[in-house]
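# Analysis of the macromolecular model
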There are 2 protein chains.
Amino acid sequence: MDRIPILKVGDCLLVTIQVDMHDELAVRLQEDLTAQISKYASRGVLIDISSLEIVDSFIGRMLANIAAMSRVLDAQTVLTGMQPAVAITLVELGMSLPGIKTALNVERGMELLREVMREDPAEADDDDAEE
Amino acid sequence: MDRIPILKVGDCLLVTIQVDMHDELAVRLQEDLTAQISKYASRGVLIDISSLEIVDSFIGRMLANIAAMSRVLDAQTVLTGMQPAVAITLVELGMSLPGIKTALNVERGMELLREVMREDPAEADDDDAEE
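Residues numbered from 1 in each chain as written. Chains lettered and ligands numbered in written order. Predicted model: local features only at pLDDT ≥ 70, side-chain atom pairs only at ≥ 80, totals over all residues. Heavy atoms only, no water.

### Points about the environment of A:L52
Residues and elements named next belong to chain A. The line we're drawing: Strands are runs of DSSP state E lasting at least 2 residues, helices are runs of H or I lasting at least 4, and numbering of each runs from the N terminus. Remark: exposure states derive from per-residue accessible area (1.4 Å probe, protein chains only) relative to the maximum for the residue type, with buried under 20%, exposed over 50%, and partly exposed in between.
Note that L52 resides in the loop between β3 (44–48) and α2 (57–72). Judged by relative accessible area, L52 falls into the buried class, the value being 1%. Sequence separation between L52 and V19 is 33 residues, and the spatial gap between their C-alpha atoms is 8.0 Å.

Shown next, in the form of structure tokens:
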């Protein structure tokens, strides 16, 4: 597999990370994701990491970068499905992911995104309004 | 990675297949998926294969099996994101996936599932009615 698929679900983009990330794959994901945010004028990005059992500083940095890139493109990032061991590792690595909102699962993540979008004083105040 | 994550999105379950499937992973996906259909009383399963560039008869059979299992649990299966080359290979392998509905992408797949659920004379006739 040479790229991670990005699925458009309503007004959000959904990414599930299932494979071990390496440099090239991470760069490609960032490129694809920013391109799709721009293309679809998406206001939210959901990243599901429920199948990741180990997270290292590389992945932590990548997630932080994706969130920062999304933010400057006016999209919110929510990280979902983090396993307890991953939370422990991230904090022990000194990465508490300050700019990223998290949710237990994709459903709650979508609710959170909708809330955030509603609060945000932009043109899209409903989840399907722009389509 | 030892299992493929299954995401609950509204009334549907969403599976994105990104990694090369092998026996054990396929069996585990079938077990997990049937368990979740049963647990959440899901009426629809979306399987996204947009990152698969090659499909062999093993994956074709697995997809057909998943659709058949879902059907007997009263859930519809829609396959999304098939690449043109995969369509050619599947038909050349003699697998035209007769029991499986397909859609170009996840958004259209969700619309299709909603239509199918609405036509289906069961208790859930709206996408969020059961929640």
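### Re the relation of the copies chain A and chain B
Heads up, the condition is: When the copies are superposed, the least-squares fit takes in the C-alpha atoms of residues with a pLDDT of at least 70 in both. It only takes one pair of heavy atoms within 4.5 Å for two residues to be counted as in contact.
With an RMSD of 0.0 Å, the operation that places chain A on chain B is a rotation of 180 degrees combined with a shift of 0.0 Å along the axis. Each copy turns onto its partner about a two-fold axis. Most of the interface of chain A is mirrored in chain B, where 100% of its interface residues are also at the interface.

### Description of the sheet that holds strand β5 (residues 101–103) of chain A
Think of a sheet as strands paired side by side through backbone hydrogen bonds, with each pair either parallel or antiparallel. All names here are of chain A. Counted only if it meets this: Should DSSP find at least two bridges between two strands, the strands are taken to pair. The axes used here are C-alpha line fits, helices contributing only the stretch in contact, and every angle between their N-to-C directions lies in the interval 0 to 180 degrees.
Spatially, five strands are ordered β1-β2-β3-β4-β5 in an open sheet, and the strand pairing comes out mixed. Two strands bound the open sheet, and with one partner strand each, they are β1 (6–9) and β5. Across this sheet, the average inter-strand angle for adjacent strands is 25 degrees, counted without regard to direction. Across four bridges, the pairing between β1 and strand β2 (residues 12–16) is antiparallel.

### A closer look at the interface of chain A and chain B
Here is the rule we go by: The quantity reported as buried area is the accessible area (1.4 Å probe) lost by two parts once they are put together, taken as the sum for both. Salt bridge, as used here: a side-chain nitrogen of Lys or Arg that lies within 4 Å of a carboxyl oxygen of Asp or Glu. As used in this structure description, the phrase polar contact means that two N or O atoms lie within 3.5 Å; if the pair is within protein, one of them must be able to donate a hydrogen and the other to accept it, and residues adjacent in sequence are counted only when both atoms belong to side chains. When residue character is reported, Ala, Val, Leu, Ile, Met, Phe, Trp, Tyr, Cys and Pro are called nonpolar, Asp, Glu, Lys and Arg charged, and the others, Gly included, polar.
Listed as interface residues are 23 residues of chain A and, on the opposing side, 23 residues of chain B. Here chain A packs against chain B, burying approximately 1,900 Å² in sum over the two surfaces, 58% of which is carbon and sulfur. If you look at where chain A meets chain B, you find two salt bridges. Two residues, B:K8 and A:E107, come together in a salt bridge whose shortest N-O distance is 3.4 Å. Applying the counting criterion to the chain A and chain B interface returns five residue pairs in polar contact (both at pLDDT 80 or more). Those elements that provide at least two residues to the side of chain A that touches chain B are β1, β2 and α4 (106–119) of chain A. Classifying every residue of the side of chain A that touches chain B gives 10 nonpolar, five polar and eight charged.

### A short note on the pairing of strand β2 (residues 12–16) of chain B
Residue and element names in this part refer to chain B. To be explicit about the condition: A clockwise course of the path from the first strand over the helix to the second, judged with the strands pointing away from the viewer, identifies a crossover as right-handed.
Burial of β2 is extensive: five of the five residues sit out of reach of the surface. Burial along β2 is two-sided: C12, L14 and T16 facing one way and L13 and V15 facing the other are all buried. Here strand β1 (residues 6–9) folds back onto β2, and the loop between the two strands holds two residues, one of which, G10, carries a positive phi near 60 degrees. As judged from the five bridges shared by β2 and strand β3 (residues 44–48), these two strands associate in the parallel manner. When the bridges of β3 are listed, V15 appears paired with I47. Following the chain from β2 across helix α1 (residues 23–40) to the adjacent parallel β3, one finds a crossover that is right-handed.

### With respect to helix α2 (residues 57–72) of chain B
All names here are of chain B. So the rule is basically this: Expected helix span is given by 1.5 Å per residue-to-residue step, counting one fewer step than there are residues. This arc describes the spread of directions from the helix axis toward the C-beta atoms.
Over its 16 residues, α2 runs 23 Å from end to end, which matches the ideal 22 Å to within 8%, given 1.5 Å per residue. All of the buried residues in α2 are I59, G60, M62, L63, I66, A67 and S70. Projection of α2 onto a plane perpendicular to its axis shows the buried side chains occupying an angular sector of 165 degrees, all on one side. Among the structural elements, α1, β3, β4 (76–80) and α3 (84–92) are those in contact with the buried residues of α2. A positive phi of about 70 degrees marks D74, the residue just after α2.

### Observations regarding the packing of α1(B) against α2(B)
Residues and elements named next belong to chain B. Counted only if it meets this: Here is the rule for angles: anything less than 35 degrees is roughly parallel, anything more than 145 is roughly antiparallel, 65 through 115 is roughly perpendicular, and the remaining ranges are oblique. Handedness of each helix crossing follows the sense of rotation of the near helix against the far helix: counterclockwise by less than a right angle gives left-handed, clockwise gives right-handed.
Interhelical geometry of α1 versus α2 gives an angle of 15 degrees and a closest axis separation of 10 Å. Our classification of the angle between α1 and α2 gives roughly parallel. The two elements α1 and α2 meet at a crossing, and its hand is right-handed. Contacts between α1 and α2 involve D23, A26, L29, Q30, L33, T34 and I37 from the former and F58, M62, N65, I66, M69 and S70 from the latter. The residue makeup of the contact of α1 with α2, split by class, is eight nonpolar, four polar and one charged.

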